[in-house]
Amino acid sequence: MNDLQEMLQLNIDEIEPESVKKLEKKRVLHNILKKKKRFTFRYAIAVSLLTCGIGSSVVLLSPTIASQIPIVQNIVDYFNGETTQFMYFDDYATVISSMQTSNGVTIEIADAVYDGTTVTIAFAIESEIDLGEPPLLGNPIETNGTFEGGGVTSIKKVTNTTYAGVITLSPELDRRSPRTVNLSWKPGRVWNYETDEKIQGDWSFEFKLKKINVDRTHVEYADTKEGFTFKIPNVDISGYTINIPFDMEMPSKYVLFTLPYSIVFEVTDEFGTEYEMLLNGASGTNKHKAEGSATFSNLQNDSKMLIITPKLVHKNEEILFDSFTVNTPQNYTK
């Protein structure tokens, strides 16, 4: 029995009620609404075929309906197993479903999440030819009129001509956390670096994202080691990410862009679980100061407390700063 037949035969009266947590209720509601948006057109087509008869040999889809059929299903699933980043992506993602074709290459923006600090975008590419593994995109994403402060793009080959991708970026928001952000993306070209073939295109995406619910814990942390001072005003926790904004003062002999150390944070919980760092970047505010933020993946293991440790690392050398703890909001315990 296929999914459509099961759906049509479902008897709601036979479903037994079950007590669930508040967060689980939100997840179920979100997934129902999301699937409804994404699959309505395809079920409508299927029902039409059943009504009109399976014997029909040709089905013509209008451009509007065709544009709603995703290139790749469940994009972030292709990255699960390699990262914990997308464990709860579907619970918080906004459905974008915007698709454009230029010069034989179709790009679809499927879903996205904005947590007040970080933006994560799931997208797909379909081409008439092999674009290599992975293809490279020309231009970065613009947020509120400014190009991203830093980001990571991951692309996986699904078939010879189809790709699943995720962009994680930390926009330049000047330490603000607006309720919504306006995003603009004009990739410009898709480059097969294996063959050096570049396909130019006029794809142009414009969309808005609303910030998901975020709990801010004020910590007012400060610690100095070997002339370096870390200051962390707060930690922002959502069901999707953990964000740690920081300021760092350096000894007079150092400047940020020639600093031999990497700025690293270690985040664990009371169970010893190590959390994956997704993004970590800083910019120089003046000659011997820097500000930035580090983003970690979602809470796990019913954790009630996070232990955060700043570090400066250079080859085999490590400057370890004092750890501090943050109680996790009860809303996000799994």
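Model, not experiment: these values are computed from the prediction. (Residues numbered from 1 in each chain as written. Predicted model: local features only at pLDDT ≥ 70, side-chain atom pairs only at ≥ 80, totals over all residues. Heavy atoms only, no water.)

> Sorry, what's going on with the nonpolar core here?
Taken as a class, soluble globular proteins show a tendency for nonpolar side chains to be buried jointly. Core analysis: the largest hydrophobic core is formed by 30 residues, its most contacted members being F228, F230, F265 and L312. Where this core is concerned, the elements lending two or more residues are β14 (228–237), β15 (241–249), β16 (262–269), β18 (289–297), β19 (305–314) and β21 (324–327). Among the elements that make up this core, the one with the highest residue count is β14 (five residues). Beyond its immediate sequence surroundings of up to four residues, L312 is in contact with F228, F230, M248, Y261, S262, I263, E317, E318, I319 and F321. Ranked by size, the runner-up nonpolar core spans 26 residues in total, among them I121, I125, I167 and V181. (Core = buried A, V, L, I, M, F, W, Y, C linked by side-chain atoms within 4.5 Å. Buried < 20%, exposed > 50% of the residue type's maximum accessible area, 1.4 Å probe, protein only. Helix = DSSP H or I, 4+ residues; strand = E, 2+ residues; numbered from the N terminus. Contact = heavy atoms within 4.5 Å.)

> It is not clear to me how the sheet that holds strand β11 (residues 197–200) should be interpreted in this structure. Could you clarify?
Within a sheet, adjacent strands bond to each other through the backbone by hydrogen bonds, running parallel or antiparallel. Taking strand neighbours across the sheet as the criterion, the three strands line up as β4-β10-β11 in an open arrangement whose pairing is antiparallel. If you trace the sheet from one side to the other, it starts and ends with β4 (136–137) and β11, each paired once. Where β4 lies against strand β10 (residues 189–192), two bridges are found, and the strand directions are antiparallel. Within β10, the residue paired with L136 across the bridge is W191. (Pairing = 2+ DSSP bridges.)

> Please clarify how the confidence of the model for the protein chain should be interpreted in this entry.
Regions with low pLDDT should not have their predicted coordinates read in detail. Looking at the protein chain, pLDDT values average 82 and 78% of them are 70 or higher. Here residues 21–66 is a poorly scored stretch, pLDDT under 50, and it has 48 contacts once near neighbours within four places are set aside; other chains count. (pLDDT = per-residue confidence, 0-100.)

> In this structure, what is going on with the sheet that holds strand β7 (residues 150–159)? I would like to understand it.
Spatial strand order, β1-β2-β3-β8-β7: five strands in an open sheet with antiparallel pairing. Lying at the two open borders of the sheet, with one neighbouring strand each, are β1 (94–102) and β7. On average, each strand axis in the sheet is inclined to that of its neighbour by 15°, with strand direction left out of account. Here β1 pairs with strand β2 (residues 105–114) via seven bridges, running antiparallel. Note on β2: the bridge partner recorded for V95 is D111. (Axes fitted to C-alpha atoms, helices over the stretch in contact; angles between N-to-C directions.)

> Mind showing me how you'd approach the side chain of S184 here?
Note on placement: S184 falls in strand β9 (residues 180–185). Here E206 takes part through its side chain, which lies 3.0 Å from a polar atom of the side chain of S184. Contact partners of S184, with chain neighbours within four places excluded, come to I141, E142, F205 and E206. (Polar contact = N/O pair within 3.5 Å; in protein donor to acceptor, adjacent residues only side chain to side chain.)

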